[in-house]
Amino acid sequence: AFLGEDLFALLGEEGRPAYRWLIAGPSRSGSSWHKDPNATSAWNCLVRGRKRWLMAPPSAPPPGVGASADGADVTQPVSSVEWLINYYEAARDEGALLECTAEAGDMVFVPRGWWHMALNLEESVAVTQNFVSRAALPHVRRFLSREAYNISGVRSGADAETLGARLDAAVRAHAPELLAQAEAKTSADGG
(Lines give C-alpha, C1' and ligand atoms only; values in the text may rest on other atoms or scores of the structure.)
Protein backbone atom coordinates (compact mmCIF):
# COMPACT_ATOMS: atom_id res chain seq x y z
CA ALA A 1 0.00 0.00 0.00
CA PHE A 2 2.88 2.41 -0.72
CA LEU A 3 0.54 4.68 -2.68
CA GLY A 4 -1.49 5.38 0.45
CA GLU A 5 1.31 6.63 2.67
CA ASP A 6 3.58 9.64 2.33
CA LEU A 7 4.79 11.12 5.59
CA PHE A 8 6.01 14.28 3.82
CA ALA A 9 2.29 14.92 3.12
CA LEU A 10 1.92 15.74 6.84
CA LEU A 11 3.79 18.99 6.06
CA GLY A 12 1.14 20.17 3.59
CA GLU A 13 1.70 21.21 -0.01
CA GLU A 14 3.61 24.38 0.89
CA GLY A 15 5.82 22.79 3.53
CA ARG A 16 7.05 19.70 1.74
CA PRO A 17 9.74 19.28 -0.94
CA ALA A 18 8.70 19.01 -4.59
CA TYR A 19 7.52 15.47 -5.15
CA ARG A 20 5.32 14.86 -8.21
CA TRP A 21 6.14 15.35 -11.88
CA LEU A 22 4.65 14.78 -15.31
CA ILE A 23 7.45 13.52 -17.53
CA ALA A 24 7.16 13.43 -21.33
CA GLY A 25 9.86 12.60 -23.84
CA PRO A 26 10.58 11.24 -27.30
CA SER A 27 12.06 7.86 -28.09
CA ARG A 28 15.67 7.45 -26.84
CA SER A 29 15.29 10.13 -24.15
CA GLY A 30 15.13 9.37 -20.44
CA SER A 31 16.99 9.72 -17.19
CA SER A 32 20.63 8.96 -16.54
CA TRP A 33 21.77 6.94 -13.52
CA HIS A 34 20.77 8.53 -10.21
CA LYS A 35 19.31 7.93 -6.76
CA ASP A 36 16.11 9.72 -5.83
CA PRO A 37 16.30 12.84 -3.67
CA ASN A 38 16.06 13.15 0.11
CA ALA A 39 16.34 9.38 0.73
CA THR A 40 12.81 8.89 -0.63
CA SER A 41 11.28 6.03 -2.58
CA ALA A 42 9.28 6.63 -5.74
CA TRP A 43 6.67 5.26 -8.06
CA ASN A 44 6.46 5.92 -11.78
CA CYS A 45 3.23 5.25 -13.68
CA LEU A 46 3.57 5.09 -17.44
CA VAL A 47 0.54 6.70 -19.08
CA ARG A 48 1.67 6.28 -22.67
CA GLY A 49 4.60 4.61 -24.45
CA ARG A 50 7.24 2.09 -23.39
CA LYS A 51 10.11 2.67 -20.99
CA ARG A 52 13.11 0.43 -20.20
CA TRP A 53 14.17 0.49 -16.54
CA LEU A 54 17.51 -0.58 -15.08
CA MET A 55 18.13 -0.63 -11.32
CA ALA A 56 21.10 -1.46 -9.12
CA PRO A 57 21.17 -1.81 -5.31
CA PRO A 58 22.45 1.07 -3.16
CA SER A 59 25.69 -0.72 -2.36
CA ALA A 60 26.57 -1.47 -6.00
CA PRO A 61 26.84 1.59 -8.26
CA PRO A 62 26.58 0.59 -11.91
CA PRO A 63 29.91 0.24 -13.73
CA GLY A 64 31.10 3.55 -15.12
CA VAL A 65 29.01 5.50 -12.59
CA GLY A 66 30.59 7.11 -9.56
CA ALA A 67 29.27 9.19 -6.71
CA SER A 68 31.04 11.58 -4.39
CA ALA A 69 31.28 10.50 -0.74
CA ASP A 70 28.17 12.51 0.18
CA GLY A 71 26.27 11.44 -2.95
CA ALA A 72 25.79 15.02 -4.14
CA ASP A 73 27.77 14.57 -7.35
CA VAL A 74 27.41 11.70 -9.81
CA THR A 75 29.78 11.14 -12.70
CA GLN A 76 28.90 8.96 -15.67
CA PRO A 77 29.09 8.77 -19.43
CA VAL A 78 27.55 11.64 -21.37
CA SER A 79 24.26 9.83 -22.08
CA SER A 80 22.26 6.79 -21.10
CA VAL A 81 22.72 5.40 -24.60
CA GLU A 82 26.51 5.73 -24.24
CA TRP A 83 26.31 3.86 -20.91
CA LEU A 84 24.26 1.12 -22.56
CA ILE A 85 26.79 0.77 -25.37
CA ASN A 86 29.88 0.75 -23.12
CA TYR A 87 28.79 -0.82 -19.82
CA TYR A 88 25.45 -2.62 -20.06
CA GLU A 89 26.74 -6.01 -21.11
CA ALA A 90 29.30 -6.20 -18.28
CA ALA A 91 26.74 -5.02 -15.70
CA ARG A 92 24.20 -7.56 -16.90
CA ASP A 93 26.78 -10.36 -16.81
CA GLU A 94 27.71 -9.42 -13.21
CA GLY A 95 24.08 -10.03 -12.26
CA ALA A 96 23.75 -6.79 -10.32
CA LEU A 97 21.01 -5.22 -12.45
CA LEU A 98 17.26 -5.51 -12.15
CA GLU A 99 15.56 -4.78 -15.46
CA CYS A 100 12.05 -4.39 -16.79
CA THR A 101 10.16 -2.80 -19.63
CA ALA A 102 7.13 -0.78 -18.55
CA GLU A 103 4.16 -0.53 -20.90
CA ALA A 104 1.33 2.02 -20.75
CA GLY A 105 -0.60 1.43 -17.51
CA ASP A 106 2.34 -0.16 -15.67
CA MET A 107 3.73 1.23 -12.44
CA VAL A 108 7.36 0.82 -11.37
CA PHE A 109 8.44 1.10 -7.72
CA VAL A 110 11.92 2.49 -7.01
CA PRO A 111 13.12 1.64 -3.49
CA ARG A 112 14.91 4.24 -1.39
CA GLY A 113 18.59 4.50 -2.24
CA TRP A 114 18.52 2.36 -5.39
CA TRP A 115 20.42 3.47 -8.47
CA HIS A 116 18.17 3.65 -11.53
CA MET A 117 17.89 4.91 -15.06
CA ALA A 118 15.05 4.83 -17.57
CA LEU A 119 15.14 4.96 -21.36
CA ASN A 120 12.05 5.77 -23.42
CA LEU A 121 11.72 3.11 -26.10
CA GLU A 122 9.09 5.23 -27.81
CA GLU A 123 7.44 8.58 -27.16
CA SER A 124 6.37 8.31 -23.51
CA VAL A 125 4.38 10.15 -20.87
CA ALA A 126 4.61 9.23 -17.18
CA VAL A 127 3.62 10.53 -13.76
CA THR A 128 6.11 10.00 -10.94
CA GLN A 129 6.06 10.74 -7.24
CA ASN A 130 8.63 10.55 -4.46
CA PHE A 131 7.37 9.68 -0.97
CA VAL A 132 8.38 8.80 2.58
CA SER A 133 7.01 5.50 3.90
CA ARG A 134 7.04 4.36 7.52
CA ALA A 135 9.88 1.95 6.72
CA ALA A 136 11.98 4.73 5.17
CA LEU A 137 11.37 7.28 7.94
CA PRO A 138 14.56 6.51 9.93
CA HIS A 139 16.66 6.82 6.76
CA VAL A 140 14.96 10.04 5.67
CA ARG A 141 15.42 11.53 9.15
CA ARG A 142 19.14 10.63 9.09
CA PHE A 143 19.55 12.18 5.62
CA LEU A 144 17.71 15.37 6.60
CA SER A 145 19.78 15.82 9.76
CA ARG A 146 23.17 15.02 8.25
CA GLU A 147 22.88 16.40 4.74
CA ALA A 148 20.76 19.56 4.78
CA TYR A 149 23.04 20.92 2.02
CA ASN A 150 21.92 18.02 -0.25
CA ILE A 151 18.17 18.41 0.33
CA SER A 152 16.43 19.11 -2.96
CA GLY A 153 13.02 20.41 -3.93
CA VAL A 154 12.70 23.05 -1.20
CA ARG A 155 12.16 26.75 -1.71
CA SER A 156 15.20 28.01 0.22
CA GLY A 157 18.22 27.06 2.27
CA ALA A 158 16.24 27.92 5.40
CA ASP A 159 13.53 25.44 4.35
CA ALA A 160 16.21 22.77 3.90
CA GLU A 161 17.73 23.48 7.31
CA THR A 162 14.36 23.13 9.09
CA LEU A 163 12.85 20.29 7.04
CA GLY A 164 13.97 17.52 9.42
CA ALA A 165 12.63 19.29 12.52
CA ARG A 166 9.35 20.12 10.76
CA LEU A 167 8.93 16.49 9.64
CA ASP A 168 9.63 15.23 13.18
CA ALA A 169 7.05 17.66 14.63
CA ALA A 170 4.42 16.63 12.08
CA VAL A 171 4.99 12.90 12.63
CA ARG A 172 5.00 13.44 16.42
CA ALA A 173 1.59 15.15 16.19
CA HIS A 174 0.16 12.51 13.82
CA ALA A 175 1.70 9.28 15.14
CA PRO A 176 4.01 9.73 18.14
CA GLU A 177 4.72 5.98 18.34
CA LEU A 178 6.00 6.04 14.76
CA LEU A 179 8.44 8.84 15.55
CA ALA A 180 9.61 6.99 18.68
CA GLN A 181 10.27 3.86 16.58
CA ALA A 182 12.15 5.91 13.96
CA GLU A 183 14.24 7.64 16.67
CA ALA A 184 15.12 4.26 18.23
CA LYS A 185 16.11 2.84 14.83
CA THR A 186 18.18 5.91 14.00
CA SER A 187 19.97 5.67 17.38
CA ALA A 188 20.53 1.92 17.04
CA ASP A 189 22.05 2.46 13.58
CA GLY A 190 24.51 5.01 14.90
CA GLY A 191 22.73 8.28 14.65
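Owing to the predicted nature of the structure, the values given are computational and were not obtained by experimental measurement.

A. View of the layout of surface pockets. The computed volume of the largest pocket comes to approximately 590 Å³. Looking at the lining of the largest pocket residue by residue, the classes come out as 8 nonpolar, 8 polar and 7 charged. Of the volumes computed, that of the second largest pocket is approximately 330 Å³. Classifying every residue of the lining of the second largest pocket by side-chain character gives 9 nonpolar, 10 polar and 2 charged.

B. Representation of the environment of Ser-29. For Ser-29, the position within the fold is in the loop between β1 (20-25) and β2 (30-34). For the pair Ser-29 and Glu-122, spaced 93 residues apart in sequence, the C-alpha to C-alpha distance is 8.7 Å. A polar contact is formed between the side chain of Ser-29 and the backbone oxygen of Pro-26, at a distance of 2.6 Å.

C. Highlighting the nonpolar core. If you look at the biggest cluster of nonpolar residues, it comprises 20 residues, and the most contacted ones within it are Phe-8, Leu-137, Val-140, Leu-144 and Leu-167. Listing elements by their share of this core, those giving two or more residues are α4 (137-146), α5 (157-174) and α6 (176-188). When residues of this core are assigned to their parent elements, the largest contribution, 5 residues, is made by α5. With residues near it in sequence (within four places) discarded, Leu-144 still touches Phe-8, Ile-151, Leu-163, Gly-164 and Leu-167. In this structure, Trp-33, Leu-54, Trp-83 and Trp-115 belong to the second largest nonpolar core, which totals 10 residues.

D. Examining α4 more closely. Of all 10 residues that make up α4, 8 are buried, and the element is covered over most of its length. Along α4, the residues classified as buried are Leu-137, Pro-138, His-139, Val-140, Arg-141, Arg-142, Phe-143 and Leu-144. Residues of α4 that are buried sit in contact with α5 and α6.

E. Local environment of the packing of α4 against α5. Relative to each other, α4 and α5 sit at 145°, their axes nearing to 8 Å. The element α4 and its partner α5 pack so that their crossing is left-handed. Along its contact with α4, which presents Leu-137, Val-140, Arg-141 and Leu-144, the element α5 presents Leu-163, Gly-164, Leu-167, Asp-168 and Val-171. The residue inventory of the contact of α4 with α5, partitioned by class, reads 6 nonpolar, 1 polar and 2 charged.

F. Highlighting the packing of aromatic side chains. Enumeration according to the criterion identifies 3 aromatic pairs in this entry. Ring centres of Trp-33 and Trp-83 lie 5.2 Å apart, and the angle between their planes is 70°; on these two criteria the pair is classed as edge-to-face. Here Trp-33, found in strand β2, pairs with Trp-83, found in helix α2 (residues 80-86); they are 50 residues apart in sequence, far enough to count as distant. Trp-83 gets classed as buried once you look at its relative accessible area, which sits at 1%. Where Trp-83 meets Tyr-87, the ring centres are 6.4 Å apart and the plane angle is 25°; that geometry is what we call stacked. The exposure class of Tyr-87 is partly exposed, given its relative accessible area of 29%. Through pairs of rings, three or more aromatic residues link up here, namely Trp-33, Trp-83 and Tyr-87. The ring centre of Tyr-19 lies 3.4 Å from the NZ or CZ of Arg-16, which sits over that ring.

Reading guide: rules and limits
- Residues numbered from 1 in each chain as written.
- Predicted model: local features only at pLDDT ≥ 70, side-chain atom pairs only at ≥ 80, totals over all residues.
- Heavy atoms only, no water.
- 1 Å grid on protein atoms, 1.4 Å probe; cavity = no way out; pocket = protein on both sides within 12 Å on 5 of 7 lines; lining within 4 Å.
- Points joined across faces, edges and corners; volume = space filled by probe spheres on them.
- Nonpolar A, V, L, I, M, F, W, Y, C, P; charged D, E, K, R; others polar.
- Helix = DSSP H or I, 4+ residues; strand = E, 2+ residues; numbered from the N terminus.
- Polar contact = N/O pair within 3.5 Å; in protein donor to acceptor, adjacent residues only side chain to side chain.
- Core = buried A, V, L, I, M, F, W, Y, C linked by side-chain atoms within 4.5 Å.
- Buried < 20%, exposed > 50% of the residue type's maximum accessible area, 1.4 Å probe, protein only.
- Contact = heavy atoms within 4.5 Å.
- Axes fitted to C-alpha atoms, helices over the stretch in contact; angles between N-to-C directions.
- Left-handed = near helix turned anticlockwise from the far one by under 90°.
- Phe/Tyr/Trp six-rings, centres within 6.5 Å; stacked < 30°, edge-to-face > 60°.
- Lys NZ or Arg CZ within 6 Å of the ring centre and 35° of its normal.

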